[in-house]
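What follows is each chain in one-letter form.
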Amino acid sequence: MATPTATAGYLSDAWLFLAAGLAPAPDRGRRSTVALRLTVTDPPPGVHAAVDVYVDLEAGRLAVTPAAGEPPALLITLPYAAAHTLLLGAARPRAELLEAGDVTITGNFSLLFFIDAALQRDRSGHVAALRAATAPPPGHLSWAESEPETETPEAGTAQADREALLRAGDTLPDALRELGREVGTSTPGAQFYVSQDGKVLADVGLGSARPGVAMTARSAPLWYCCAKPLLSVALGRLWEAGDFDPYRPVAEYLPEFGTHGKSRITAMELLCHTGPLATGLDPLHGVVTGPDAERLRRALDVPVPARRPGDRPGIAYSQWWAWFVLARLLPAIDGRDYVDYVEQQILRPCGMDDTRVCLTAEEYAAYGDRLPLIHVSNLGDVPQPTYFWSTRGATTRCVPGVNTRGPLSDLGRLFEMVLDGGSAPGGRVLAPTTAAALTARHRTGLTDRYGNADWGFGFRLECRSLGPEYTSFSRHASPRAFGHDGLWTAVVFADPEARLTVAVHLNGKVEHERHRERILRIADAVYQDLRLT
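Residues numbered from 1 in each chain as written. Predicted model: local features only at pLDDT ≥ 70, side-chain atom pairs only at ≥ 80, totals over all residues. Heavy atoms only, no water.

Here we take up the overall build of the protein. The helix and strand inventory of the protein stands at 18 helices and 19 strands. The C-alpha radius of gyration of the protein comes to 23 Å, within 12% of the 24 Å expected for a compact globule of 533 residues. Across the 533 residues that make up the protein, the buried fraction comes to 59%. As presented, the protein carries roughly 20400 Å² of accessible surface, and 52% of it is formed by carbon and sulfur atoms. (Helix = DSSP H or I, 4+ residues; strand = E, 2+ residues; numbered from the N terminus. Rg over C-alpha atoms; globule rule 2.2 N^0.38 Å. Buried < 20%, exposed > 50% of the residue type's maximum accessible area, 1.4 Å probe, protein only. Areas by Shrake-Rupley, 256 points an atom, 1.4 Å probe, with all protein chains shown as cover.)

On to the layout of surface pockets. When its volume is computed, the largest pocket comes out at roughly 850 Å³. Lining of the largest pocket is provided by 36 residues; of these, Tyr317, Tyr450, Asn452, Leu487 and Trp488 occupy positions nearest its centre. At the level of elements, β16 (482–486), β17 (490–495) and α18 (512–529) are the ones that each hand at least two residues to the lining of the largest pocket. Here the element with the most residues in the lining of the largest pocket is α18; it accounts for 5 residues. (1 Å grid on protein atoms, 1.4 Å probe; cavity = no way out; pocket = protein on both sides within 12 Å on 5 of 7 lines; lining within 4 Å. Points joined across faces, edges and corners; volume = space filled by probe spheres on them.)

With 95% of its residues at a pLDDT of 70 or more, the protein shows a mean pLDDT of 93. Per-residue pLDDT stays below 50 along residues 147–155; that stretch engages in 18 contacts with residues further than four places along the chain or on separate chains. (pLDDT = per-residue confidence, 0-100. Contact = heavy atoms within 4.5 Å.)

This part covers the pairing of strand β5 (residues 74–78). Taking every second residue as pointing to the same face, the buried face of β5 carries Leu74, Ile76 and Leu78, while none of Leu75 and Thr77 on the other face is buried. The pairing of strand β2 (residues 33–40) with β5 spans 4 bridges and is parallel. Residue pairing for β5: Thr39 is matched across the bridge by Thr77. (Pairing = 2+ DSSP bridges.)

Before going further, it helps to examine the environment of Val250. Following the sequence through the fold, Val250 ends up in the loop between α8 (228–240) and α9 (267–271). Judged by relative accessible area, Val250 falls into the buried class, the value being 1%. Along the chain, Val250 and Glu269 lie 19 residues apart, while their C-alpha atoms are 9.8 Å from each other. Apart from residues no more than four positions distant in its own chain, Val250 is found in contact with Phe257, Ile265, Thr266, Ala267, Leu270, Val325 and Leu329.

A few words on the packing of aromatic side chains. With the rule as written, the count across this model stands at 17 aromatic pairs. Within the aromatic cluster, the residues linked to one another by ring pairs are Phe109, Phe113, Tyr224, Trp320, Phe388 and Trp389. The residue whose ring lies beneath Lys262 is Phe257, and the NZ or CZ to ring-centre distance is 5.5 Å. Its end group placed over the ring of Tyr224, Lys509 keeps NZ or CZ at 5.1 Å from the ring centre. (Phe/Tyr/Trp six-rings, centres within 6.5 Å; stacked < 30°, edge-to-face > 60°. Lys NZ or Arg CZ within 6 Å of the ring centre and 35° of its normal.)

Mapped onto the secondary structure, Leu230 falls in helix α8. Using a relative accessible area of 0% as the deciding quantity, one classes Leu230 as buried. Separated by 113 residues in the primary sequence, Leu230 and Glu343 place their C-alpha atoms 9.9 Å from one another. The residues contacting Leu230, other than those within four sequence positions of it, are Trp223, Tyr338, Val342, Ile346, Leu347, Met352, Thr404 and Leu414.

Quick look at unusual backbone geometry now. The phi torsion at Trp488 lies on the positive side, around 60°, for a residue other than glycine. Backbone geometry places Arg499, a non-glycine residue, at a positive phi of 55°. Within the secondary structure, Arg499 sits in the loop between β17 and β18 (500–506).

Within the secondary structure, Thr386 sits in strand β12 (residues 384–386). A polar contact of 3.0 Å, which involves the side chain of Thr386, links it to the side chain of Asp116. Ignoring anything within four residues of it in the chain, the contact list for Thr386 reads Phe113, Asp116, Gln120, Leu373, Ile374, His375 and Val376. (Polar contact = N/O pair within 3.5 Å; in protein donor to acceptor, adjacent residues only side chain to side chain.)

Here the focus is the sheet that holds β12. As summarised here, the arrangement of the 3 strands in space is β12-β11-β19, forming an open sheet in which the pairing is mixed. Edge strands, defined here as strands with exactly one partner in the open sheet, are β12 and β19 (508–509). Where strand β11 (residues 374–376) lies against β12, 3 bridges are found, and the strand directions are antiparallel. Within β12, the position partnered with Ile374 by the bridge is Thr386. With respect to the sheet, helix α4 (residues 111–121) is in contact with β11, β12 and β19, its orientation differing from that of β12 by roughly 125°. (Axes fitted to C-alpha atoms, helices over the stretch in contact; angles between N-to-C directions.)

This is the structure in structure tokens:
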């Protein structure tokens, strides 16, 4: 594709015409094309304040037209310079857009990961041609100036890691084989932890954590939503002490929460993801790693639709809003904030010494350029590294239930504690009755298209008995198994009947169906290797 020399103002009529002439428009009817609407809050003269964007996830081609008709499923409102970064910027600045506090997103937030990967890959060259033909906003860095520095290569897998892989392969040969099938194809790297009856059977890393950096058993990948059980355990302790009742309205503990239709929402509704706020309407979508004051304002001010008497609740999975609100119950009831409470009452007694709920600035300075990155693969394409959740701003800001980092051996220890009735190496964390209550069925009779069904006190539960599409962890797991997923990257679960704990992290994000298939293959192989089928 020829690179034009003329420049046009971003989102002007001349720019839209230029963009349309540089490459064929994406086929809007194909699965690989996603749509979003950009609304600019401060449009300069001659610029469209709202445009519809179609992104071909396979080729990276864009079609941009004046907004018209019914809006698409993803809506993004942001300043003009940020809109330029979103489509034409580099990967790291694009991720940093969520840190400023001036972006609003409605709809399927997860599409941003796949859009980012397509724009990076730019197989058609359309994005590069547009960058060359676009005049940057005043004071805005050019694309080349905003590119991240080249990664510093690191030595490959150390001898200790090679020996750990050999030992794990002796006990879990099929599981390691299935894991190895994914490394280098759907994911650049993986971390894998398995224990049974308290004996560690696998604690290994494979492949790369980020370009030039090996994934080892000591790497600290992002747990994503696998971190949500930390808050479940924390609130379970308050429930056990009689200081908290999850069936009472949250507003009784946080009066400031009880506005705009939220006065009757209970903590149990939020923990079970049956609150009245749809997933796509999460008020923290655009500022999930933004300033604390702005996140708090949006979390408290968001209106929710009124429920009529007799209305049946539905599943409304909350990635961050519910957990942001629930985490504020800790200082309101106990006096300690989420980070301090979790570190003192859960991480220390469980021996989770390498886990960080969020990094300090000093920790990021020492370790940030070696943190595992999430990579995104569009429909089988080469995985592209994304900087979402891995920038300085994101890793040093507390996002309860999402941006915890640590080796999977630590995550395994958390689930071993619950499996052992609340007992941990450093002392008891929960009473046995509380541990049982956390993994009991608090939500039944509801399902969604992602295979979710019964839910515990913030834990996903095995539901294979409802049909194969509701298999949560393995086709061989017992009905008592409990755990959690990390959106299309990870899973952790414990099976009381097998006395088994399994944690898998794949730092290559793929679409839901592909991820579910690979996780089930790996988990099924664990049961087969241990003759638990």
